[in-house]
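# Per-entry structural report
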Amino acid sequence: MKRILITGAAGFLGSHLSDRFITEGYDVIAMDNLLTGSMSNIEHLMPLPNFTFYNHDITKFIHIPGELDYILHFASPASPIDYLKMPIQTLKVGALGTHNVLGVAKAKQARILVASTSEVYGDPLEHPQSEEYWGNVNPVGPRGVYDEAKRFLEAITMAYHNFHKVETRIIRIFNTYGPRMRMDDGRALPTFFSQAMNNQDITVFGDGQQTRSFCYVDDLVDGIYRLLKSDYHLPVNVGNPIEITIQQAAEEVVALTQSQSKIINTALPEDDPKVRQPNIAKAKEILNWEPKISREEGLRRTYEYFQTITQ
Ligand code: UDP
């Protein structure tokens, strides 16, 4: 049986990855310090003999007994309000935490895939964003703590690849949504669902003409699985290239939930990227991957989940 370590396993993406690797027959070592993750995301896995959970902060030395074949490094606060509240932890997990997991990969001769982000492109001046674009990031702005932590993560991962010959994979994840997002994580879609389901005003920041491209979580997980199994070590964008305005996203949530909520416009946060759309040519060519789940279907499944947790 292959063994895989998943950091951030109690989070939104980490828990879906844990499900996928359990389904594929792996022995899953799950690690999380529950800063933003929740045991409720993985409690269904806890009784399984091939699932082991460690409550551990990966910025501290990581001790894993036995052999490891793979590592997925997904630990980090990832929503803007989370990393604004926890700037130091965000920088530490991206820097010290990544250093520690790369150390584990080297010691165990395990292949490691690290979670990077479209935020490395900042408020992009190239559109759509391809992997060759170097980005437009404000290091001292409010998002700098996350963006620069993830840029450091990419740099140290490449250094371990080049210098220590560790087998590394880097994924740049664009906006993703689905069941197990926290309704209060501050991101656009869960916030809009929460507001719509409680008949509160829907807060669209700015004029709502900024764009994002939303990928359903199952599609993303499949992209991660394929990248881990590929032999490609440079960064790969994985996301849904269908781009919409935030105003449209709000309107779709209101329509789906048949809410009486009004959409109102409030202040746009500092350094909020105006556009975001992945160029996925590389993922298509190298991974033979593209998203399959329509937004209509994805939003319906997400709404079903939010209904179950609010009942
Ligand atoms: N947004 C919004 N209302 C909210 C939350 C977010 O209009 O209640 C906007 C936010 O300003 C951004 C977009 O929705 O332009 C996506 O924000 P999110 O926090 O989901 O993630 P980001 O892509 O900015 O990291």
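Use the structure listed above.
Okay, so let's go over this structure. (Residues numbered from 1 in each chain as written. Predicted model: local features only at pLDDT ≥ 70, side-chain atom pairs only at ≥ 80, totals over all residues. Heavy atoms only, no water.)

## Looking at the layout of surface pockets
Stated precisely, the cut-off is as follows: The distinction between a cavity and a pocket rests on a 1 Å grid over the protein atoms alone: a 1.4 Å probe fits inside a cavity but cannot get out, while a pocket stays open yet meets protein on both sides within 12 Å along at least five of seven lines, and a residue with an atom within 4 Å of a point counts as lining. Grid points are joined across faces, edges and corners, and a volume is the space filled by probe spheres set on the points. The helix and strand labels rest on DSSP assignments: H or I over at least four residues marks a helix, E over at least two residues marks a strand, and numbering proceeds from the N terminus. Only Asp, Glu, Lys and Arg are considered charged in this grouping, and only Ala, Val, Leu, Ile, Met, Phe, Trp, Tyr, Cys and Pro are considered nonpolar; every other residue, Gly among them, is considered polar.
Volume-wise, the second largest pocket comes out at about 210 Å³. Per element, the largest residue contribution to the lining of the second largest pocket is 4 residues, and it comes from helix H4 (residues 144–164). Of the residues belonging to the lining of the second largest pocket, the class tally is 7 nonpolar, no polar and 5 charged.

## A short note on the pairing of strand E2 (residues 27–32)
What counts, and what does not: Buried means the residue's accessible area, taken with a 1.4 Å probe over protein chains only, is under 20% of the maximum for its type, while exposed means over 50%, and partly exposed covers the values in between. At least two DSSP bridges between two strands are needed for those strands to be called paired. A clockwise course of the path from the first strand over the helix to the second, judged with the strands pointing away from the viewer, identifies a crossover as right-handed.
With 6 of 6 residues buried, E2 is to be regarded as a mostly interior element. Of the two faces of E2, both are covered, the one formed by Asp-27, Ile-29 and Met-31 as well as the one formed by Val-28, Ala-30 and Asp-32. Looking at chain direction, strand E1 (residues 3–7) and E2 are connected through 5 bridges and run parallel. Looking at the pairing, Leu-5 lines up with Ile-29 of E2. One crossover worth recording links E1 to the parallel E2 by way of helix H1 (residues 12–23), and it is right-handed. Across 5 bridges, E2 lies against strand E3 (residues 51–55) in parallel orientation. Bridge assignment links Ile-29 to a residue of E3, and that residue is Thr-52.

## So, the site of the ligand
Our working rule: Near, as used in this document, describes a residue that has one of its heavy atoms within 4 Å of the molecule or strand being considered. In protein, a polar contact means a hydrogen-donor-capable atom and an acceptor-capable atom, both N or O and within 3.5 Å, with residues adjacent in sequence counting only if both atoms are side-chain atoms; elsewhere, any N or O pair within 3.5 Å suffices. Using a 1.4 Å probe, accessible areas were evaluated by the Shrake-Rupley method; residue-level cover was limited to the displayed protein chains.
Around the ligand sit 18 residues in total, of which Thr-203, Phe-205, Arg-212, Asp-272 and Arg-276 are the nearest. For the ligand, an oxygen atom lies 2.8 Å from a polar atom in the side chain of Arg-143. Within the backbone of Thr-203, one N or O atom sits 2.6 Å away from a nitrogen atom of the ligand. The fraction of the free accessible surface of the ligand (520 Å²) that becomes covered by protein chains is 95%. For the shell around the ligand, the secondary structure elements donating two or more residues are helix H5 (188–197) and strand E8 (202–205). Of the residues contributing to the shell around the ligand, the split by class is 7 nonpolar, 5 polar and 6 charged.

## Observations concerning the side chain of Thr-7
We apply this condition: For this analysis, residues touch if any pair of their heavy atoms sits within 4.5 Å.
Within the fold, Thr-7 resides in strand E1. Here Phe-74 takes part through its backbone nitrogen, which lies 2.9 Å from a polar atom of the side chain of Thr-7. When neighbours within four sequence positions are excluded, Thr-7 is seen to be in contact with Met-31, Ile-58, Leu-72, His-73, Phe-74, Ala-75 and Val-101.

## Comments concerning the nonpolar core
The test is simple: What is meant by a nonpolar core is a set of buried Ala, Val, Leu, Ile, Met, Phe, Trp, Tyr and Cys residues, joined one to another through side-chain atoms within 4.5 Å.
Within the largest apolar cluster, 60 residues are counted, with the highest numbers of intra-cluster contacts made by Ile-4, Phe-21, Leu-72 and Phe-74. The greatest single-element share of this core, amounting to 7 residues, is contributed by helix H6 (residues 217–229). Those residues within four positions of Phe-74 in sequence are excluded, and the remaining contacts are Thr-7, Gly-8, Leu-13, Leu-17, Leu-113, Ala-115, Ile-171, Ile-173 and Ile-224. Ranked by size, the runner-up nonpolar core spans 22 residues in total, among them Ile-58, Leu-68, Val-166 and Ile-170.

## Considerations on the packing of aromatic side chains
In plain terms, the rule: Aromatic rings from Phe, Tyr and Trp, taking only the six-membered ring of Trp, are treated as a pair when their centres fall within 6.5 Å; an angle between ring planes under 30 degrees marks them as stacked, one over 60 as edge-to-face, and anything in between as tilted.
Under the definition given, this model contains 11 aromatic pairs. Ring centres of Phe-21 and Tyr-225 lie 5.3 Å apart, and the angle between their planes is 45°; this geometry places the pair in the tilted category. Taken together, the residues Phe-21 in helix H1 and Tyr-225 in helix H6 connect sequence positions 204 residues apart. The class for Tyr-225 is buried, based on a relative accessible area of 15%. A ring pair is formed by Tyr-26 and Tyr-70, whose centres lie 6.1 Å apart and whose planes are at 50°; its orientation type is tilted. Taken together, the positions of Tyr-26 in the loop between H1 and E2 and Tyr-70 in strand E4 (residues 70–73) put the pair 44 residues apart, joining distant regions of the chain.

## Brief notes about helix H3 (residues 87–108)
Stated formally: Helix span, expected: 1.5 Å multiplied by one less than the number of residues in the helix.
Here H3 spans 31 Å end to end across 22 residues, near enough to the 32 Å set by a 1.5 Å rise per residue. Within the sequence span of H3, burial applies to Thr-90, Val-93, Gly-94, Gly-97, Thr-98, Asn-100, Val-101, Leu-102, Val-104 and Ala-105. Next to the buried residues of H3 lie E1, E4, helix H2 (80–85), strand E5 (111–117), H4 and strand E6 (168–173). Within two residues after H3, Gln-109 carries a phi angle of roughly 50°, on the positive side.

## Structural notes on the environment of Gly-141
Inspection of the secondary structure assignment puts Gly-141 in the loop between E5 and H4. Spatially, the C-alpha atoms of Gly-141 and Asp-271 are 7.0 Å apart, while their sequence positions differ by 130 residues.

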